[in-house]
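Examination of the molecular architecture
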Amino acid sequence: MYGWAGTILRVDLTEGVIKKQPLELEFAKAFLGGRGFNAKILYDEFDPEIKDPFSPENILCVSTGLFGGSIVPSSGRINVSVARSPLTGFFGDGNAGGHFGPELKYAGYDTVVIKGKADKPVYLWICDDDVEIRDASHLWGKDVWETDKTIKKECNDYETQTLIIGQAGEKRVAVACPICNLTRAPGACGMGAVMGAKNLKAIVVRGTGGVKVARPDEFEKACEEAYMHIKSHPIYESWSTYGTPVLTGIYNLGGGLPTNNWQSTEFSKWEKIDGPAFVENFVLKSKGCFNCPLHCSHFYRITEGPYAGEAAEGVEYEATDGFGARCGIDDLASILYANKLCNMFGLCVVQTSNCVGILMHLWQDGIIDSKDTGGLILEWGNKDAMVQIVKQVAFREGIGGFFSNGILQGLREIAKKKGLPPEKLERYAIQTKGMSLSSFDPRYLKGCSLEMGTSTRGADHLRGLPTIETFAYWYGDQRDKVVRDLDVPPEIVDQWFELDLLNKHKYEGKGYLVKYYQDQCAVADAVEICKFTTSWRFGIGPPRIAKLATALTGIQYSWQDILECGDRIWTVEYAMQRRFGLRRKDDFPPDRFFEEPIPTGPNKGAVLDREKYEKMLIEYYHIRGYDDEGIPTREKLEELGLKDIADDLEKRGILKSVSYTHLTLPTKA
């Protein structure tokens, strides 16, 4: 087997049993790896009648991808998934970069499937064929950074890669996530809390193998071409210099920077927390994930003020907006410190920063006061209070601890305490399916709104945000430039232009645009390359991915095959969520986006139209081959080789007989 390592590692923590299962080639071809492997394994092996996310029966999957550990640019990512998320109650996952994924491949494994619960704290040790469940009692209570240092000292190998939970995971905080490379977080859905419930402190990996390549010369050439394509992209220099914090200014100037918990899209002090301010005042050196030419991360140090001497890696735009503009805070040192705390305690930055912003919004509206907060003054811009709330969320303390069971649950508990109807406070959370939105505002971007609503794990730009809608001005009517820069197949770009899908105000036809980006992002998470290097940003699109996969595996892939793999992965996830009970009503953005127009700036007055959105949503379902409730049809499932899922849904009374025209991408006349 070329490309894939060829083995699934299965661990039962309850019984202490470890098994190695050969990877089936047909399964690998169909799902590619990473998110694809995880989704199908969870669908097949988890009983949806198990309601408790902290049950030993919940399943945790950690997978590298087809390209993992190879010389494909930016091929260092992993996907971590759980069958039932403590944040949303449904299927959930997260994706992270760094070096853990390649090390898992070098040890000889594509996927680790973990079930059961250990009777005491343990960590999983993997070193090639040597796999052990080891005692972690001495590590329990330590933060991520202390644990990483202790483990590497004990094994006397500082090249060992770790995936670790901090105190937040041990305390089963719903927004807890495991951390690899000290700062890389597969966040959002509470996988860290599930690890804590299993008494699993860490997964530790050391590998001495490699990646077998079917056609080495062809593969090397394809990788070099992909690398040079990334380096030649018009925004490469800016991105590699400043990293994602550069988006702070870009979104603010474009009127799309979420501010004060989405009450505004402009932050007057954005320049103090933008990418250039970060690089000029804090950065020591650029840092890249495994084999990545973008090196968009940085080592940073705070040299002045109360946090002088604190150093870490990062920071991402999700922190500069999340702990910055969304909380009205313009002190970058405090934002950097909060970011470090999240990494040490094992918290998702997006979800945790939303907890802070929501509390400040409640304070603004007079719903909570100092008697509720233990004396904390939660006014917009209070950087010290923001840091305290981060600590409270991690340790289940104070008013921040209300959100330790999830953002909606926290608002319901506050409503109960204040004698208010829960729906009144739930409006403060910008979320779908219980997961808070990351740092963008889709009210003026109709395709982005659809992506946000239909994302399989909850509100999430990384599931398939149609980024071309946000920078369509860059391309204008230059169809060939889109094909060249983004590596999108010409046939697809032709339809985008014919149907005017780059028009951010248009509802009709946006399902075609969103489906493409969702399928492509599913593929990126399956082969495990960074989305920044794909046509989501920089242009390793389906044609290049097909070329790389063909040379690596010796299996002929076309770009159509690649997108079909993405469609298959997405459809498995949709079927899984429908099996959990989600329907059309769960695929809408939050009410505030339909009722509160953007108040100022270039997008002033933008708001979603509920009736037009619903029509767009149903059109999207039909484009995908789903019925009006978003349930994949038997025809669609069997078309993707998923007859077993069709049979399962029919047996459960979920699959319906429907009659409608299955919409497909129209061909050019």
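Each value, and the rule that gives it
Residues numbered from 1 in each chain as written. Predicted model: local features only at pLDDT ≥ 70, side-chain atom pairs only at ≥ 80, totals over all residues. Heavy atoms only, no water. Helix = DSSP H or I, 4+ residues; strand = E, 2+ residues; numbered from the N terminus. Buried < 20%, exposed > 50% of the residue type's maximum accessible area, 1.4 Å probe, protein only. Contact = heavy atoms within 4.5 Å. Areas by Shrake-Rupley, 256 points an atom, 1.4 Å probe, with all protein chains shown as cover. Lys, Arg positive; Asp, Glu negative; His and termini not counted. Charge placed at Lys NZ, Arg CZ, Asp CG, Glu CD. Phe/Tyr/Trp six-rings, centres within 6.5 Å; stacked < 30°, edge-to-face > 60°. Lys NZ or Arg CZ within 6 Å of the ring centre and 35° of its normal. Pairing = 2+ DSSP bridges. Axes fitted to C-alpha atoms, helices over the stretch in contact; angles between N-to-C directions. Salt bridge = Lys/Arg side-chain N within 4 Å of Asp/Glu carboxyl O. Polar contact = N/O pair within 3.5 Å; in protein donor to acceptor, adjacent residues only side chain to side chain. Expected span 1.5 Å × (residues − 1). pLDDT = per-residue confidence, 0-100. Parallel < 35°, antiparallel > 145°, perpendicular 65-115°, else oblique. Left-handed = near helix turned anticlockwise from the far one by under 90°. Nonpolar A, V, L, I, M, F, W, Y, C, P; charged D, E, K, R; others polar. Core = buried A, V, L, I, M, F, W, Y, C linked by side-chain atoms within 4.5 Å.

**Observations concerning the overall build of the protein**
Summing up its helical and strand segments, the protein has 28 helices and 16 strands in all. Taken over 669 residues, the protein has a buried fraction of 65%. Sequence-distant contacts in the protein: of pairs separated by 6 or more residues, those separated by 24 or more amount to 69%. Carbon and sulfur atoms form 49% of the exposed surface of the protein, whose accessible area is close to 22,700 Å². Between the averaged position of the 80 positive side-chain charges in the protein and that of its 92 negative side-chain charges there is a distance of 2 Å.

**Section: the packing of aromatic side chains**
With the rule as written, the count across this model stands at 21 aromatic pairs. Considering the side-chain rings of phenylalanine 27 and phenylalanine 31, the 5.4 Å spacing of their centres and the 40° angle between planes classify their relative orientation as tilted. Of this pair, phenylalanine 27 and phenylalanine 31 both sit in helix H1 (residues 25–31), four residues apart, roughly one helical turn. Judged by relative accessible area, phenylalanine 27 falls into the buried class, the value being 19%. On the basis of relative accessibility, which here comes to 5%, the residue phenylalanine 31 falls in the buried class. Centroid distance phenylalanine 46 to phenylalanine 580: 6.3 Å. Interplanar angle 55°. Geometry classified as tilted. You can see phenylalanine 46 sitting in the loop between helix H2 (34–45) and strand E3 (60–63) and its partner phenylalanine 580 sitting in the loop between helix H24 (559–579) and helix H25 (592–595), a full 534 residues away along the chain. For the pair phenylalanine 46 and phenylalanine 580, a shared accessibility class is recorded, and that class is buried. Each residue in the set Trp239, Phe532, Trp536 and Phe538 is aromatic and connected to the rest through ring pairs, giving one cluster. For the cation-ring pair, arginine 537 lies above tryptophan 536, with the distance from its terminal atom to the ring centre recorded as 5.3 Å.

**Here we look at the sheet that holds strand E11 (residues 200–206)**
The strands making up a sheet associate through hydrogen bonds between their backbones, and the pairing can be parallel or antiparallel. Ordered by their spatial adjacency, five strands build an open sheet running E8-E7-E11-E9-E10, and the pairing between neighbours is mixed. Only two strands of the sheet have a single neighbouring strand rather than two, namely strand E8 (130–135) and strand E10 (179–180). Two strands pair when backbone bridges link them, and strand E9 (residues 161–164) and E11 are joined in this way by four bridges, in the antiparallel orientation. Looking at the pairing, glutamine 161 lines up with valine 205 of E11. Where helix H4 (residues 144–155) meets the sheet, its contacts fall on strand E7 (122–127), E9, E10 and E11, and the angle it forms with E9 comes to roughly 145°.

**Quick notes on the side chain of aspartate 110**
For aspartate 110, the location among the structural elements is in the loop between helix H3 (100–107) and strand E6 (111–115). One buried charged residue, aspartate 110, forms no salt bridge at all, with the nearest opposite charge on lysine 105 at 4.8 Å. A polar contact is formed between the side chain of aspartate 110 and the backbone nitrogen of alanine 5, at a distance of 2.9 Å. Within the structure, the side chain of aspartate 110 is placed 2.7 Å from the backbone nitrogen of glycine 6, a separation counted as a polar contact.

**Topic: helix H22 (residues 510–527)**
Counted at 1.5 Å a residue, the expected span for H22 with its 18 residues is 26 Å, and the 26 Å between its end C-alpha atoms agrees. With 18 of 18 residues buried, H22 lies mostly within the body of the structure. The positive-phi residue at the C-terminal boundary of H22 is glutamate 528, with phi of around 65°.

**Some thoughts on the sheet that holds strand E4 (residues 78–82)**
On the basis of which strands lie adjacent, the open sheet formed by six strands has the order E2-E1-E6-E3-E4-E5 and mixed pairing. Where the open sheet ends on each side, the last strands, each with one partner, are strand E2 (17–22) and strand E5 (92–96). Pairs of neighbouring strands in the sheet enclose a mean axial angle of 15°, with direction left out of account. With five bridges connecting them, strand E1 (residues 7–12) and E6 associate as parallel partners. Note on E6: the bridge partner recorded for isoleucine 8 is threonine 111.

**Considering the confidence of the model for the protein**
On average, residues of the protein score 95 in pLDDT, and 98% of them are at 70 or above. Contacts of residues 665–669 to residues separated by more than four positions or lying in other chains number 10 contacts, the stretch itself having pLDDT below 50.

**Topic: the packing of helix H13 (residues 349–364) against helix H16 (residues 407–418)**
Between H13 and H16, whose axes approach to 11 Å, the crossing angle comes to 25°. The angle between H13 and H16 places the two elements in the roughly parallel class. In the packing of H13 onto H16, the handedness of the crossing is right-handed. Here H13 contributes Gln351, Asn354, Cys355, Ile358, Leu359 and Leu362 to the contact with H16, which in turn contributes Ile407, Leu411 and Ile414. Here the contact of H13 with H16 is built from residues that sort into seven nonpolar, two polar and no charged.

**Overview of the pattern of salt bridges**
Any two side chains of opposite charge can pair if their charged atoms end up close together. Counted according to the given criterion, the structure contains 59 salt bridges. Between arginine 584 and glutamate 614 there is a salt bridge, with its nearest N and O atoms 3.2 Å apart. With arginine 584 in the loop between H24 and H25 and glutamate 614 in helix H26 (residues 610–624), this residue pair connects regions lying 30 residues apart in the sequence. For glutamate 614, a relative accessible area of 27% translates into the label partly exposed. A salt bridge links lysine 643 to aspartate 647; its shortest N-O distance comes to 2.9 Å. With lysine 643 and aspartate 647 both in helix H28 (residues 643–651), this residue pair falls four residues apart, about one helical turn. Residue lysine 643 is classed as partly exposed on the basis of its relative accessible area of 46%.

**Digging into the environment of proline 102**
With respect to the secondary-structure elements, proline 102 resides in helix H3. Between the C-alpha atom of proline 102 and that of alanine 39, which follows or precedes it by 63 residues, the distance is 20 Å. In this view, proline 102 contacts Gly69, Ser75, Gly76 and Phe290; residues no more than four positions away in its chain are not counted.

**Points about the packing of H2 against H28**
Remark: H2 packs on H28, axes separated minimally by 12 Å, with the N-to-C direction vectors making an angle of 40°. Judged by the sense of rotation from one axis to the other, the crossing of H2 with H28 is left-handed. Here Lys40, Tyr43 and Asp44 of H2 come into contact with H28, specifically with Asp644, Ile645, Asp648 and Leu649. A breakdown of the residues in the contact of H2 with H28 according to their chemical character gives three nonpolar, no polar and four charged.

**Things to note about the nonpolar core**
By size, the foremost hydrophobic cluster in this structure holds 231 residues, and its most contacted members are Phe67, Ile126, Ile203, Phe323, Leu347, Leu362 and Trp496. By residue number, the principal contributor to this core is H22, which donates 11 residues. Not counting chain neighbours up to four residues away, the residues in contact with phenylalanine 323 comprise Glu318, Ile329, Ile335, Ala338, Asn339, Cys342, Val349, Thr352, Ser353, Val356, Met386 and Val390.

**Examining helix H23 (residues 542–553)**
In this model H23 runs 16 Å from its N-terminal to its C-terminal C-alpha over 12 residues, within 8% of the 16 Å that 1.5 Å per residue would give. In terms of burial, H23 is largely enclosed, as nine of its 12 residues are buried. Of the positions making up H23, those classed as buried are Pro542, Ile545, Ala546, Leu548, Ala549, Thr550, Ala551, Leu552 and Thr553. Those residues of H23 hidden inside the fold are in contact with helix H7 (216–231), H22 and H24. Positioned one or two residues after H23, glycine 554 has a phi angle of 80°, which is positive.

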